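# Descriptive analysis of the structure
Chain by chain, the residues:
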Amino acid sequence: MKKIISLISLLFLLPSAFALDVEVNEPYMRELIPGTKVTSAYMTIKNNGDEDIKLVAVSGDVSPRIEIHEHTMKDGMMQMGKLDSIIIKANDEVTLQPHGLHLMVFNPSSPVKAGEQVNLVLHFDDEQKTEVSMPVKGLKPAHNH
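Reading guide: rules and limits
- Residues numbered from 1 in each chain as written.
- Predicted model: local features only at pLDDT ≥ 70, side-chain atom pairs only at ≥ 80, totals over all residues.
- Heavy atoms only, no water.
- Helix = DSSP H or I, 4+ residues; strand = E, 2+ residues; numbered from the N terminus.
- Buried < 20%, exposed > 50% of the residue type's maximum accessible area, 1.4 Å probe, protein only.
- Contact = heavy atoms within 4.5 Å.
- Areas by Shrake-Rupley, 256 points an atom, 1.4 Å probe, with all protein chains shown as cover.

In this section: the overall build of the protein. On a plain count of helices and strands, the protein comes out with one helix and 10 strands. The order of helices and strands in the protein, counted from the N terminus, is α-β-β-β-β-β-β-β-β-β-β. Expressed as a percentage of the 145 residues in the protein, the buried residues total 32%. If you take every contact in the protein between residues at least 6 apart in sequence, the share linking residues at least 24 apart comes to 67%. Total accessible area on the protein is roughly 9700 Å²; 54% of this is exposed by carbon and sulfur atoms.

The following block contains the structure:
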């Protein structure tokens, strides 16, 4: 009987111990500027869990190389640098946006045009991952009139 109770207890613990409670909001990728081989992707990653999580990599069929980058101001100059990871604190969120944290997508396998859908996989520590489907948006911002 003790083993059954222990097994049942373990089953109730498994979802919280192993399931990633991540919500991705407003994901999108910029269309490729003609003549270039790099674009960027943005989203808000919300950690609904009680433990901090770490985004360690991003992959997708659209590109063999997707990196986490950050814009920072240094000596009055805007600089961009690669990050190894992003920590998303428990019950908090991190926004990837222009002029801040973002994903750089190098050498896309297709032209990546507005109106298309692109799928990325966010890889977190402990080998957990979340798939994200995102629209490709045009370079010119849409005006709502």
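So, next bit.
Once that is clear, we can look at unusual backbone geometry. Trans peptide bonds make up most of the peptide bonds, and negative phi angles are found at most residues other than glycine. Even without a glycine there, the phi angle at Asp75 is positive, about 50°. For Asp75, a relative accessible area of 75% puts it in the exposed group. Although it is not a glycine, Glu127 sits at a positive phi angle of roughly 60°. Tracing the backbone shows Glu127 in the loop between strand E9 (117-124) and strand E10 (129-137). The class of Glu127 is exposed, set by a relative accessible area of 77%.

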